[in-house]
Amino acid sequence: MFRVSTDISNLAHDVCARCRFGVTTMEIELKYRLNDASDAEAIFNDAKIFAITDPGSEKNIKMHAAYFDTEDASLSSKGMVFRVREEGDKLMATLKWDGVSIDGFHAREEINVPLSDIGHFDNPNICVFSGSDIYEKLESVVRGKELVLMMEMSFVRRAVRLDTGTGIFELSVDDGNISCGGKTKQINELEIELFSGSNDELKELGEYISNKFKISPENHSKFKQGLDLVDKNRV
């Protein structure tokens, strides 16, 4: 099931490439809004989903993220997102850019760099991306201006690895909140990220889940949702 043609011209990034920190990759995923917390349990326990779940792959990870920009929003105005995030016992800096989202389908370029110092939450610096292909453009956008905290997110991610035989995916549910200036917004969303395989198979998997469980596509990333809180604080 969920098997479609995987012609090499239609293959997305290889799963191994996603593990090479500091290398630019294309993040491709589907996002959906859950109607209720009980939806997550039902989806993870669905017979067809369970049949393609890698045994022992389930994990629950506490995440805390901080998003930074210049005071005049130089990064977000150019479609760039700078994040520092604790992911369980890991600390990661991420830069995302050139994103598109249509009917819950999200694709964007990104680079991830592992960090060792929790001080990056208090003193963010774009220099962590030096040596990358995007760094020169990043410097030209920031132009030496101070980075300030825009928003924070705290949530628990429940995730499993799916293997259809022709594609590898991560199915995850994030439960938590976005906060900015005393305002908060709940996070309760499902993501299906493509690690290896085709976009068509990803969409087929998403259609199966969304149709069966009546969940709606989410066209706004967590960051975009957080921008709504930022804008409210500016009023």
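About the cut-offs
- Residues numbered from 1 in each chain as written.
- Predicted model: local features only at pLDDT ≥ 70, side-chain atom pairs only at ≥ 80, totals over all residues.
- Heavy atoms only, no water.
- Pairing = 2+ DSSP bridges.
- Helix = DSSP H or I, 4+ residues; strand = E, 2+ residues; numbered from the N terminus.
- Core = buried A, V, L, I, M, F, W, Y, C linked by side-chain atoms within 4.5 Å.
- Buried < 20%, exposed > 50% of the residue type's maximum accessible area, 1.4 Å probe, protein only.
- Contact = heavy atoms within 4.5 Å.
- Salt bridge = Lys/Arg side-chain N within 4 Å of Asp/Glu carboxyl O.
- Expected span 1.5 Å × (residues − 1).
- pLDDT = per-residue confidence, 0-100.
- Arc of directions from axis to C-beta.
- Phe/Tyr/Trp six-rings, centres within 6.5 Å; stacked < 30°, edge-to-face > 60°.
- Lys NZ or Arg CZ within 6 Å of the ring centre and 35° of its normal.

Chemist: Help me out: how do you make sense of the pairing of strand S2 (residues 59–70) in this one?
Modeler: Regular strands show a simple pattern: their side chains alternate between the two faces of the sheet. By the bridge criterion, 12 bridges tie S2 to strand S6 (residues 147–163) in an arrangement that is antiparallel. Considered in S6, the bridge of His64 is made with Ser154. Relative to strand S3 (residues 81–87), S2 runs antiparallel, the two being bridged by 6 bridges. Bridge pairing links Met63 to Glu87 in S3.

Chemist: Could you clarify how one ought to interpret the nonpolar core in this entry?
Modeler: Across soluble globular proteins, nonpolar side chains have a tendency to be buried as a group. Counting residues in each nonpolar core, the largest one holds 25 residues, and the members touching the most others are Leu171, Ile192 and Ile209. Among the elements that line this core, the one with the most residues is helix H5 (residues 199–213), at 5 residues. When near neighbours in sequence (up to four residues on either side) are disregarded, Leu171 contacts Ile43, Phe44, Ile49, Arg158, Ala159, Val160, Leu162, Leu190, Glu191, Ile192 and Ile209. If you look at the next biggest cluster of nonpolar residues, it comprises 23 residues, including Met80, Leu91, Val113 and Ile126.

Chemist: Any chance you could explain the pattern of salt bridges here in plain terms?
Modeler: Any two side chains of opposite charge can pair if their charged atoms end up close together. Enumeration over the complete set of coordinates arrives at 20 salt bridges. The shortest N-O distance in the salt bridge between Lys31 and Glu29 comes to 3.4 Å. Among the ionic pairs, Glu29 bridges to Arg108, the shortest N-O distance being 3.3 Å. Here Glu29 is found in strand S1 (residues 25–33), whereas its partner Arg108 is found in strand S5 (residues 105–114), with 79 residues between them in sequence.

Chemist: Mind showing me how you'd approach H5 here?
Modeler: Each full turn of the α-helix corresponds to 3.6 residues, which orients residues three or four apart in the same direction. Spanning 15 residues, H5 covers 21 Å between terminal C-alpha atoms, matching the ideal 21 Å at 1.5 Å per step. Where H5 is concerned, the buried positions are Glu201, Leu202, Leu205, Gly206, Tyr208, Ile209, Ser210 and Phe213. Immediately downstream of H5, the backbone of Lys214 shows phi near 55°, a positive value.

Chemist: Which parts of the structure should I look at to understand the confidence of the model for the chain?
Modeler: The predicted coordinates should not be examined in detail at positions where pLDDT is low. Averaged over every residue, the pLDDT of the chain is 90; the share at 70 or more is 89%. Counting contacts from residues 1–20, a segment whose pLDDT is below 50, to residues more than four positions away or on other chains yields 48 contacts.

Chemist: Explanation requested: the side chain of Ser210 in the structure shown.
Modeler: Within the secondary structure, Ser210 sits in helix H5. Exposure remark for Ser210: the relative accessible area of 12% places this residue in the buried category. When neighbours within four sequence positions are excluded, Ser210 is seen to be in contact with Tyr32 and Ile215.

Chemist: What's the story with the pairing of S1 in this structure? I'm lost.
Modeler: With respect to burial, S1 is a largely interior element, 7 of its 9 residues being buried. Pairing geometry for S1 and S5, over 6 bridges, is antiparallel. Across the sheet, the residue bridging to Thr25 is Glu110, located in S5. As paired elements, S1 and strand S9 (residues 216–217) share 2 bridges and run antiparallel to each other. Directly across from Tyr32, in S9, lies its bridge partner Pro217.

Chemist: Which parts of the structure should I look at to understand helix H1 (residues 37–44)?
Modeler: Residues Asp39, Ala40, Ile43 and Phe44 constitute the buried set of H1. Projected onto a plane normal to the axis of H1, the buried residues spread over an arc of 120° and lie on a single side. In this structure, the buried side of H1 is in contact with helix H2 (47–51), S6, strand S7 (168–180), strand S8 (183–196) and H5.

Chemist: Would you explain the packing of aromatic side chains in this entry?
Modeler: Each aromatic ring pair is described using two quantities: the centre-to-centre distance and the angle formed by the ring planes. Within this structure, the stated rule accounts for 3 aromatic pairs. Between Phe82 and Phe129, the ring centres sit 5.4 Å apart and the planes meet at 75°, which makes this aromatic pair edge-to-face. With Phe82 in strand S3 and Phe129 in the loop between S5 and helix H4 (135–142), the pair connects residues that are 47 residues apart, well separated along the chain. Among the residues examined, Phe82 registers a relative accessible area of 2% and is labelled buried. Just above the ring of Phe44 sits the side chain of Arg158; from NZ or CZ to the centre is 4.2 Å. The cationic tip of Lys222 hangs over the ring face of Phe155; the distance from NZ or CZ to the ring centre is 5.3 Å.

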